[in-house]
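Here are the chains, one letter per residue:
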Amino acid sequence: MKSFASGMNFYKLFWVFFIGCFLGVVLETIWCFLTRGHFESRTGLIYGPFNLVYGFGALLMTISLVWMSGKRDLYIFVVGSIIGAAFEYFCSYIQQALFGTVSWDYSQFPLNFHGRINLLYSFFWGLLALLWVKDLYPIMSSWIERIPNAWGKSVTWVLLVFMVLNVIVSAAAVGRMTQRRNGVPATNRIEAFLDAHYPDERLQKIYPNMVYK
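Everything numeric in this text was worked out from a predicted model, so none of it was measured.

Concerning the environment of Leu-60
For Leu-60, the location among the structural elements is in helix H2 (residues 52-65). A C-alpha to C-alpha distance of 13 Å links Leu-60 and Cys-91, two positions 31 residues apart in sequence. In contact with Leu-60, not counting residues within four places along its chain, are Leu-65, Ile-83 and Phe-87.

As for the packing of helix H1 (residues 10-36) against helix H5 (residues 149-181)
The geometry of H1 relative to H5 is characterised by a closest axis approach of 11 Å and an angle of 50° between their N-to-C directions. When the interaxial angle is binned, H1 and H5 end up oblique. In terms of crossing hand, the pair formed by H1 and H5 is left-handed. Contacts from Phe-10, Tyr-11, Phe-14, Trp-15, Phe-17, Phe-18 and Cys-21 of H1 reach H5 at Gly-152, Lys-153, Val-155, Thr-156, Trp-157, Leu-159, Leu-160 and Met-163. Here the residues of the contact of H1 with H5 are counted per class, giving 12 nonpolar, two polar and one charged.

Remarks on the environment of Phe-33
Following the sequence through the fold, Phe-33 ends up in helix H1. Taking the relative accessible area as the measure of exposure, Phe-33 reaches 35% and is therefore partly exposed. Ignoring anything within four residues of it in the chain, the contact list for Phe-33 reads His-38 and Phe-39.

Some details on the packing of aromatic side chains
Ring pairs (aromatic) are described by centroid distance and by the angle formed between their planes. Under the criterion given, the structure shown has 21 aromatic pairs. Where Phe-10 meets Tyr-11, the ring centres are 5.3 Å apart and the plane angle is 75°; that geometry is what we call edge-to-face. In this structure Phe-10 comes out as partly exposed when scored by relative accessible area, which is 40%. For the ring pair Phe-123 and Phe-124, a centre distance of 6.3 Å and an interplane angle of 55° mean the geometry is tilted. Since its relative accessible area comes to 40%, Phe-124 is described here as partly exposed. Each member of the aromatic cluster is reached from another via a ring pair, and the members are Phe-14, Trp-15, Phe-17, Phe-18, Phe-50, Phe-56 and Phe-162. Its end group placed over the ring of Tyr-89, Arg-116 keeps NZ or CZ at 5.5 Å from the ring centre.

What counts and how
- Residues numbered from 1 in each chain as written.
- Predicted model: local features only at pLDDT ≥ 70, side-chain atom pairs only at ≥ 80, totals over all residues.
- Heavy atoms only, no water.
- Helix = DSSP H or I, 4+ residues; strand = E, 2+ residues; numbered from the N terminus.
- Contact = heavy atoms within 4.5 Å.
- Axes fitted to C-alpha atoms, helices over the stretch in contact; angles between N-to-C directions.
- Parallel < 35°, antiparallel > 145°, perpendicular 65-115°, else oblique.
- Left-handed = near helix turned anticlockwise from the far one by under 90°.
- Nonpolar A, V, L, I, M, F, W, Y, C, P; charged D, E, K, R; others polar.
- Buried < 20%, exposed > 50% of the residue type's maximum accessible area, 1.4 Å probe, protein only.
- Phe/Tyr/Trp six-rings, centres within 6.5 Å; stacked < 30°, edge-to-face > 60°.
- Lys NZ or Arg CZ within 6 Å of the ring centre and 35° of its normal.

Next comes the structure, spelled out in structure tokens:
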């Protein structure tokens, strides 16, 4: 029987995004522990160990690079470096434009651009792209296609709704924190709810690396 997520359809891409959101947090948490000696929240959403940067990064690499799997490694590395750096810059810019905050700053790194990207991390993006195209995506794709058709589509839509609501609540909570920082009082029930349930103390534990610019 053909898998509900065969090929590169909507269901396959959503699961790549979802798994990417989760695995990225796991790997960065481990990296933080190894390099800093302590565990630290690396999530990007309020509920669950998920980070949209990694999810969309996995999605972008899949859509833009998987078709290059037959190309030379150097070609995939260079293209992956450019795409990854551009994506990281875009994410940093959008976060600052929307909330006045940034979650990473490479100003102290040599050959950085506006503190949003730097040559070293662009190099890492290229290595990740090569690993993704050659090894990780084929394995992940195979796993996804093994999800039973009987409940695969239903679970996909449940997770999609959960992620959409999670994004909305997270964005609203951070946006309201920015308003509080600027001395803007709550003017309606939604803002009062956000103040009561998502105070600065809670959000600072979730986003310890987020700073205002």
